[in-house]
Amino acid sequence: MKLFIPALALVLFSQNIHAQDGIPDSSFSQDGQATFSLNTEERANAGVVLPNGKIMAAGFSTQSAKKEAMLTRINEDGSLDTSFANAGFKIQTIRGSANDQILDMVRQPNGKLLVCGFSGGLSDTLLFVARFNAGGSLDASFATNGIFLDNSVGISRRGQVMYLQPDGKILVGGISNSSLENDILLLRLDSTGVPDASFGTGGYFIANTLAGDEAVNGIAMQSSGKIIISINTTQLNFVTGRLLVNGQIDNTYGNSGWATYTFSSNNCRTTCVLVQSDDKVVAGGINYEPTTFNDYALVRFDINGALDASFGTGGAASLNIVSSPSNSIDYVFSLVQQADGKLIAAGYSSWAGTGNIAFSAARFTTSGTPDASFGNGGYFTTLFNANTTYAKAAEITSGNKLVLIGEANAFPAGAKKVGVARYLLSNPAGLNAATAGVSNVEVYPNPVREQFTLHFELMEKQSMDAGLYTTEGKLVQSLFIMSAKPAGSYTETVTLQKGISSGTYLVQLRTETGLLVKKIVVE
């Protein structure tokens, strides 16, 4: 994920208003946090929230000293969903005696689950992508019996992040190593699990942009269909790049396809990326400062890769969460965007010398300053009952709650478990259907094939934009932008882009004062 970040909250659902955002949700496992284990070591590297509020987590489980791919499902109340797979857990061997780990996960509109990761043997490391049915069984219609395994001779590869395109094609980013350096890897599979020959070279884009070791650790997509990636590099700076839909570098972005930024410390790196609803690009990561050690860090670029000076200080923002001891660490793993444009960064924070590592998250305003209405002056930490916890994925639920997914471990040598926490968020900036100033919204026909009509009434003069989203909040298609219009009745005819997969989607109408969401089914 790593994770894609929802640009909307489903505000048609009832929700409570809370005095302070970012406090634990007591309706989730009583104290807002829960851990899950099968043996002595289960760790989650990725996760998604399902439309019904249940939570999927994926990573690995150690079975007889061998790591196996693992998925588990958690009920909305924070209990293990024992109806999933085998009493709540799915353990899957990817390749014989190799160690297998899932590193990222996405959900298709039809409910099937895609995961990527690596299978590491004694002499090689192979990238894999697998697809599971909603109940946890492998989907035999995908690739070879449900698993795509990159078996390139003499090349070690890892799949680290995924992105599901609106047309159902699958992007996988990570590392390719055929010599002494790690190179950028981006692979595109078609919906059946076969490399897409129309992308890059035989389905692959492989490059080394700045010299040294590099890896793709984030994928997002702008409304144009152009692909944004974030890069972890030994050059110690923030790096994002843009590819055309055919897998070639887009030289109109940044400097010949790459946009970079270096904090004054000259010691920083990107860990994830997000494309905002306005197509601006936000890279998340860490920034080393001599006095505060590693801090949360965000950098925002405009649509074409220039620094956005309206964000933070000259386009960049950082936040120190744990200030004492001085060599403590704050580390961003993922980003999400709220419906009001605010950004939540999530990861972990550690207290040097104590062995204590906690889930942490911080919220930034649209201008890049810490939001004091979130947590404790803009951030929070959650230590669980374990000593070392890492939040690897973040999502906002349809009920507008923040979910963090990762691992919770006893230090130094205790049980290692899947850790999940849920936090309350208030209705962002009062955006809701009641205040949207829109009434009598109709979508027809529904189900939809190629075209539908959207009818609505504006109760007052205002502007509006509309978009088509997956049920997880991923933008599929921008539908229209309407400049300020007087109160009255309006009708818009919308033609869907070619290649949109069948399934349930959400039409979001956003005005100056609120949001309204309608569910549609695409056949």
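Residues numbered from 1 in each chain as written. Predicted model: local features only at pLDDT ≥ 70, side-chain atom pairs only at ≥ 80, totals over all residues. Heavy atoms only, no water.

Now for unusual backbone geometry. Working note: non-glycine residues mostly have negative phi, and peptide bonds are mostly trans. Cis geometry is adopted by the peptide bond preceding proline 445, which originates at tyrosine 444 and carries an omega value of -5°. Looking at the element boundaries, proline 445 is found in the loop between β29 (438–444) and β30 (451–458). Residue proline 447 is bonded to the preceding asparagine 446 through a cis peptide linkage, with omega at 20°. The topology assignment puts proline 447 in the loop between β29 and β30. A positive phi angle, close to 70°, is found at alanine 65, a residue other than glycine. Assignment of secondary structure puts alanine 65 in the loop between β3 (55–63) and β4 (66–74). Classification of alanine 65 by relative accessible area gives exposed; the value is 76%. The phi dihedral of aspartate 279 falls on the positive side, at around 75°, and the residue is not glycine. Note that aspartate 279 resides in the loop between β18 (268–275) and β19 (281–289). (Helix = DSSP H or I, 4+ residues; strand = E, 2+ residues; numbered from the N terminus. Buried < 20%, exposed > 50% of the residue type's maximum accessible area, 1.4 Å probe, protein only.)

As a further point, take the sheet that holds strand β11 (residues 170–177). Ordered by their spatial adjacency, four strands build an open sheet running β10-β11-β12-β13, and the pairing between neighbours is antiparallel. Each having just a single partner strand, β10 (156–164) and β13 (204–207) make up the two edges of the open sheet. Between one strand axis and the next, the sheet turns by 20° as a mean value, whatever way the strands run. As defined by bridge partners, β10 adjoins β11 across eight bridges and the pair is classed as antiparallel. Residue pairing for β11: arginine 157 is matched across the bridge by serine 176. (Pairing = 2+ DSSP bridges. Axes fitted to C-alpha atoms, helices over the stretch in contact; angles between N-to-C directions.)

Here we come to the packing of aromatic side chains. Tallying each qualifying case throughout the model produces 11 aromatic pairs. Their ring planes at 50° and their centres at 4.9 Å tell us that tyrosine 331 and phenylalanine 333 sit as a pair that is tilted. Accessibility classification places tyrosine 331 together with phenylalanine 333 in one group, the buried group. On the numbers, 4.9 Å between centres and 75° between planes, the contact of tyrosine 348 with tyrosine 390 is edge-to-face. On the criterion of sequence distance, the pair formed by tyrosine 348 in strand β23 (residues 343–351) and tyrosine 390 in strand β26 (residues 388–396) is long-range, its members being 42 residues apart. On the basis of relative accessibility, which here comes to 12%, the residue tyrosine 348 falls in the buried class. Grouped by ring-pair contacts, the aromatic residues Tyr331, Phe333, Tyr348 and Tyr390 constitute a single cluster. Positioned above the aromatic ring of phenylalanine 118, the side-chain terminus of arginine 158 is 4.3 Å from the ring centre. Here lysine 392 stacks its cationic end above the ring of phenylalanine 333, 5.6 Å away from the centre of that ring. (Phe/Tyr/Trp six-rings, centres within 6.5 Å; stacked < 30°, edge-to-face > 60°. Lys NZ or Arg CZ within 6 Å of the ring centre and 35° of its normal.)

Ordered by their spatial adjacency, four strands build an open sheet running β6-β7-β8-β9, and the pairing between neighbours is antiparallel. At either end of the open sheet lies a strand with only one pairing partner, and these are β6 (99–107) and β9 (147–149). Sheet twist, expressed as the average angle between the axes of neighbouring strands with direction ignored, equals 20°.

This next bit is on the pairing of strand β22 (residues 329–337). Summarising burial for β22: eight of the nine residues are buried, a large majority. Sheet analysis places β22 next to β23, joined by eight bridges and oriented antiparallel. Within β23, the residue paired with tyrosine 331 across the bridge is tyrosine 348. In textbook terms, the turn of a hairpin is the stretch between consecutive antiparallel strands, and for β22 and β23 this stretch comprises five residues, one of which, glycine 341, has a positive phi near 95°.

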